[in-house]
Amino acid sequence: LYQSNLVLDKATITSSGIAEVYLTGELKLGGTCDVPRAQAQLEQTIRQFSSVNQVKIYLNGQPLDQALSSR
């Protein structure tokens with residue numbers, strides 16, 4: 001992810017433990033094998049907070065899994 005140009009626009013954690021993170025920019029990956037690694041790296045970074053039970057990440061307005069599936 002170090003080559004990616006990402007900006008954190010907004011991050012919230014609801015009282016039920018759902019973290020919503022909104023990113024904009026370009027996610028640069030080395031190939032298709034990097035997709036699950038990048039997604040896991042982002043999700044685990046957010047899950048480091050004990051109040052987080054579920055993670056929802058958006059990249060340029062799309063859910064992260066949709067944004068990555070188009071690669």
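What counts and how
Residues numbered from 1 in each chain as written. Predicted model: local features only at pLDDT ≥ 70, side-chain atom pairs only at ≥ 80, totals over all residues. Heavy atoms only, no water. Salt bridge = Lys/Arg side-chain N within 4 Å of Asp/Glu carboxyl O. Helix = DSSP H or I, 4+ residues; strand = E, 2+ residues; numbered from the N terminus. Buried < 20%, exposed > 50% of the residue type's maximum accessible area, 1.4 Å probe, protein only.

Engineer: What exactly am I supposed to notice about the pattern of salt bridges here?
Structural biologist: Side chains bearing opposite charge may pair, as long as their charged atoms lie close to each other. Throughout the structure, instances matching the rule amount to one salt bridge. The shortest N-O distance in the salt bridge between Asp34 and Arg37 comes to 3.5 Å. On the criterion of helical spacing, the pair formed by Asp34 and Arg37 is a turn pair, its members being three residues apart in helix 1 (residues 34-46). For Asp34, a relative accessible area of 21% translates into the label partly exposed. With relative accessibility at 39%, the residue Arg37 sits in the partly exposed group.

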